[in-house]
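Residue strings, one per chain:
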Amino acid sequence: MNIQLRYFTGTGNSLKVFNTIKDSLNDANHLVQISKITIGETIPQCDIIGFCFPVYAFGIPRIARQYLRNLPEFKDKQRAILIITAGDPDESGFSIKESADILHNKNCEIIYSGVVQMPINWVTAMNPPNKEEALNIINNGVMQTRLIANDILNGVRKYHVFNIPKSYGKIGLYREYLLFKYLGIKNLWRTFKTYDTCNGCQLCAKACPTKSIVIKNKKPVWLPTCEQCMRCVNFCPNESIYQKYSGSTIGRNKYLEPGFKPLHD
């Protein structure tokens, strides 16, 4: 089979999932090409197209939504798989549904969808797992992903069933999803600040996947295109980045998938 995989990631989870699938499919002598999403690209017709995104406030990242909407419609019916990475598999929310709805309009047939639990990275609002805890979650996620790859190889079709997150309820689900989609993502970039420990190294700007950080007067300034992916916060060598109103990030665990190289993504 000829398989095309596309992903967006902040701290490496989605890439880890797709690299795991790629390895399994390559071992079975299938041709797999993997790359990060690029808005406006045309994906060649192939046997299977796969998309992997993290869940942000019960939806997919804004840039992933824009990417899917800008895909040209496929001339022939295109088989596709959807994988979502989430800190809690119970909290994927609308992420698969909204992705599938867009892809159906692009003449795609969803043949597989699932949620893989991976470590959270939202360090400005909560404390991610420590290194040992994160490795355990990653290892379990890799095992689950290998099962997904095996299903794909064997032509097994499975579909994630939408659910209301137990810890939020229906009202909480819609509140968080709508507030982030229509208000939060458009304004949270304004809340990023740096402690005095920031030395102007510019690594945050160099690593940002959407080029949403510029350096002014030797300090980072965030732009409206910020996706809240948290790469900058978790990658900063001096742990100097925080968000106003969200509390201190000092002393909180930071998370990057161990094999992820932010400057090369």
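Structure shown above.
A quick note: this is a predicted structure, and the numbers were derived from the prediction, not measured. In this convention, every chain numbers its residues from 1, walking through the sequence in written order. Predicted model: local features are reported for residues with pLDDT of at least 70 only, side-chain atom pairs are reported and counted for 80 or more only, and whole-chain, interface and lining totals are derived from all residues. As a convention, hydrogens and water are excluded, and side-chain values are obtained from all of the structure's heavy atoms.

Topic: the pairing of strand β5 (residues 108-117)
Part 1 of the argument: For each residue, the accessible area found with a 1.4 Å probe, counting protein chains only, is set against the maximum for its type, and the residue is called buried under 20%, exposed over 50%, and partly exposed in between. Each helix corresponds to a stretch of at least 4 residues labelled H or I by DSSP, and each strand to a stretch of at least 2 residues labelled E; elements are numbered beginning at the N terminus. Here β5 lies mainly inside the structure; 8 of its 10 residues are buried.
Part 2 of the argument: Following the backbone out of strand β4 (residues 78-86), through helix α3 (residues 95-104) and into the adjacent parallel β5, one traces a crossover that is right-handed. The crossover handedness rule: strands pointing away from the viewer, path from first strand over the helix to second strand clockwise, crossover right-handed.

Focus on α3
An α-helix turns once every 3.6 residues. As a result, residues three or four positions apart point the same way.
Part 1 of the argument: Summarising burial for α3: 7 of the 10 residues are buried, a large majority.
Part 2 of the argument: Taken residue by residue, α3 has Ser95, Ile96, Glu98, Ser99, Ala100, Ile102 and Leu103 as its buried positions.
Part 3 of the argument: Buried residues along α3 sit against β3 (48-54), α2 (62-70), β4, β5 and α5 (169-187). Throughout, a residue-residue contact means that at least one pair of heavy atoms, one from each residue, lies within 4.5 Å.

Focus: the state of the cysteines
Part 1 of the argument: Disulfides are defined as cysteine sulfur pairs within 2.5 Å. Inspection of the entire model under this criterion finds 0 disulfides.
Part 2 of the argument: Cysteine 204 forms no disulfide, and the closest cysteine sulfur to it belongs to cysteine 201, at a distance of 6.3 Å.
Part 3 of the argument: Residue class for cysteine 204 comes out buried when judged on its relative accessible area of 12%.

Focus on the packing of α2 against α3
Part 1 of the argument: Helix axes are fitted to C-alpha atoms over the stretch in contact, other axes to C-alpha atoms as well, and angles between N-to-C directions run from 0 to 180 degrees. For the pair α2 and α3, interaxial distance at closest approach is 9 Å and the crossing angle is 15 degrees. Judged by the inter-axis angle, α2 sits roughly parallel to α3. When you trace α2 past α3, the crossing you get is right-handed. Contacts between α2 and α3 involve Arg65, Leu68 and Arg69 from the former and Glu98, Ser99, Ile102 and Leu103 from the latter.
Part 2 of the argument: Residue polarity follows a fixed list, in which Ala, Val, Leu, Ile, Met, Phe, Trp, Tyr, Cys and Pro are nonpolar, Asp, Glu, Lys and Arg are charged, and the others, Gly among them, are polar. Within the contact of α2 with α3, the residues separate by chemical class into 3 nonpolar, 1 polar and 3 charged. Angle categories are assigned with fixed cut-offs, so that under 35 degrees is roughly parallel, over 145 is roughly antiparallel, 65 to 115 is roughly perpendicular, and the rest are oblique. By convention the crossing between two helices is left-handed if the near helix lies anticlockwise of the far one by an angle smaller than a right angle, and right-handed if it lies clockwise.

With respect to a nonpolar patch on the surface
Part 1 of the argument: Judged by side-chain polarity, Tyr174, Leu178 and Tyr182 come together as a nonpolar surface patch covering roughly 310 Å² of accessible area.
Part 2 of the argument: For tyrosine 182, the position within the fold is in helix α5. Distance thresholds for patches are 9 Å for like charges and 5 Å for nonpolar side chains (Val, Leu, Ile, Met, Phe, Trp, Tyr), applied to residues having over 30% relative accessible area and no salt bridge. Values of accessible area rely on a 1.4 Å probe in the Shrake-Rupley scheme; residue burial ignores everything except the protein chains shown. Note on definitions: salt bridges are taken to be side-chain nitrogens of Lys or Arg within 4 Å of carboxyl oxygens of Asp or Glu.

Focus: the packing of helix α1 (residues 13-27) against helix α4 (residues 131-153)
Part 1 of the argument: One can describe the packing of α1 onto α4 by two numbers: an axis separation of 9 Å at closest approach and a directional angle of 45 degrees. With respect to α4, the element α1 is oriented oblique. The element α1 and its partner α4 pack so that their crossing is right-handed. Between α1 and α4, the contacting residues are Lys16, Val17, Thr20, Ile21, Ser24 and Leu25 on the first element and Ile138, Val142, Thr145, Arg146, Ile148, Ala149 and Leu153 on the second.
Part 2 of the argument: For the contact of α1 with α4, the class distribution of residues is 8 nonpolar, 3 polar and 2 charged.

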